[in-house]
Amino acid sequence: MNYFQLHDYTALRISGGNVKEFLQGQISSDVANNNHFKTLFCDEKGYVITNASVFLHESALIIVKKDIAQTLDADLSKFSKFFKCKIQHEDIDVFGELINGRFEKIIGNQETSIPHEIWLKEKLLNFDVDLTKDISGKFRVNELGFNLQEYVSFDKGCYRGQEIIARINYLSKGITKPVVFENLSEKCIEKLNLDGKLIFKKIIDGIVYHQFMLRQDSVALKDAASNQVASLWANS
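Predicted model, so just to flag it, every value in this text is computed and none were measured.

Criteria and cut-off values
- Residues numbered from 1 in each chain as written.
- Predicted model: local features only at pLDDT ≥ 70, side-chain atom pairs only at ≥ 80, totals over all residues.
- Heavy atoms only, no water.
- Helix = DSSP H or I, 4+ residues; strand = E, 2+ residues; numbered from the N terminus.
- Rg over C-alpha atoms; globule rule 2.2 N^0.38 Å.
- Buried < 20%, exposed > 50% of the residue type's maximum accessible area, 1.4 Å probe, protein only.
- Areas by Shrake-Rupley, 256 points an atom, 1.4 Å probe, with all protein chains shown as cover.
- Lys, Arg positive; Asp, Glu negative; His and termini not counted.
- Charge placed at Lys NZ, Arg CZ, Asp CG, Glu CD.
- Salt bridge = Lys/Arg side-chain N within 4 Å of Asp/Glu carboxyl O.
- Pairing = 2+ DSSP bridges.
- Axes fitted to C-alpha atoms, helices over the stretch in contact; angles between N-to-C directions.
- Contact = heavy atoms within 4.5 Å.

Trainee: Looking at this structure, I do not really get the overall build of the protein. What am I missing?
Mentor: A tally of helices and strands in the protein yields eight helices and 12 strands. In summary, the protein has a C-alpha radius of gyration of 18 Å against a globular reference of 18 Å for 236 residues, a match within 12%. In terms of principal-axis extent, the alpha carbons of the protein reach across some 55 × 45 × 30 Å. Looking at the protein as a whole, 50% of its 236 residues are labelled buried. Carbon together with sulfur atoms contributes 48% to the accessible area of the protein, which is approximately 11,800 Å² in total. Placing the 29 positive and 31 negative side-chain charges of the protein at their respective mean positions leaves the two points 6 Å apart.

As C-alpha cells, this is what we get:
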C-alpha cells in the first residue's frame, strides 16, 4: 500500500433535496450501490468530460482535478436547476491510495515521502489518468482506456452517454486499443500518427509520454516497441 498527498485536486459539493436523482442521470455509476465510488461524467455523444471520485451522503462531494472543476460546474449547472440542486466549489485536502493496482482518493492528509509524480506516472501506466481541461470532452472511454468495471454500472437507468458506453462495451471488437510510449523520437511520432490516433501527450518528471490508439498489427507499433511502456493489447 502506498500513499500520495495530492495538491492539484479540488471538489464540487452538490446539495439540495434531489441530489441522488440529479446525479443518477449524470454519472456512469449507480448512486444506489454505495457512498464512495469512481464515476465518469460524459456528454450525450459519449465523450468523457472527466472522471471523478464521489462521496455521497446528504450532499455529494465530487473530487476532480482543479483545472477541470469549472468546466464540470458549467456543464452540470445546465441541469441542476431542474432538480433544485446547488453546486459550490470547495477546497479540500486529498490524498491518494494505491493498493494492488487500484487507485483511490481519500479526503484528508496523509504523511508520505513518495513524490506526487509517482502517482501521476502510475495512473498513466494503468490507463486511469485523471482528466484535465486540455483533453476533456475530446475522447471516449475506450480511447482513454478506463476500466469500465470500476467506473460504469451496466444495470442502472439512463444517463448521459449511456448508449455510447454500452455500445463500446458490448459491440466494439477492439480493433484499436490504447498504448503508451515514453521519449519517442520525432520520426516515431510521425509514423504513429499516420498509423493510429494520438490521444494525449504528458510530461511527468521530465519524461515525455504519448498515448496512441493503435491496431495490434500496426507496423509503427512494432517499430516503436522499445519505447512502449504500457498497452491494453497486453491484456488481450
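Trainee: For this particular structure, what's the right way to read the pattern of salt bridges?
Mentor: Think of it this way: side chains of opposite charge can pair up when their charged atoms draw near. Scanning the model with the defined rule gives 16 salt bridges in all. In this structure, the salt-bridge partner of Asp75 is Lys78, at a minimum N-O distance of 3.4 Å. In this pair, Asp75 and Lys78 are both assigned in helix H2 (residues 69-80), three residues apart and thus about one turn of the helix distant. Asp75 gets classed as buried once you look at its relative accessible area, which sits at 10%. Taking the shortest distance from any N to any O, the salt bridge between Asp75 and Arg160 comes out at 2.6 Å. Of the two residues, Asp75 is situated in helix H2 and Arg160 in the loop between helix H5 (148-151) and helix H6 (162-170); the sequence distance between them amounts to 85 residues. Pair check on accessibility: Asp75 and Arg160 agree, each one buried. Taken together, the salt bridges that share partners define one network made up of Lys38, Arg102, Glu104, Lys105, Lys123, Asp128, Asp130 and Glu150.

Trainee: For this particular structure, what's the right way to read unusual backbone geometry?
Mentor: The bulk of non-glycine residues show a negative phi, and the bulk of peptide bonds are trans. Backbone geometry at Lys84 places phi at a positive 55°, although glycine is not the residue there. Inspection of the secondary structure puts Lys84 in the loop between H2 and strand S6 (85-90). For Asp205, which is not a glycine, the phi torsion comes out positive at approximately 55°. Within the fold, Asp205 resides in the loop between strand S10 (197-204) and strand S11 (207-215).

Trainee: Where do I start with the sheet that holds S10 in this structure?
Mentor: Here four strands make up an open sheet; going across it, the order is S10-S11-S9-S12 and the pairing antiparallel. Only two strands of the sheet have a single partner each, and these edge strands are S10 and strand S12 (228-231). Put simply, the sheet's adjacent strands are angled 25° from each other on average, direction ignored. Helix H3 (residues 116-125) rests against strand S9 (176-182), S10, S11 and S12 of the sheet, and its axis sits at about 160° to S10. Seen against the sheet, helix H7 (residues 186-195) touches S9, S10 and S11 and runs at an angle of roughly 30° to S11.

Nothing here speaks to function; it is all geometry.
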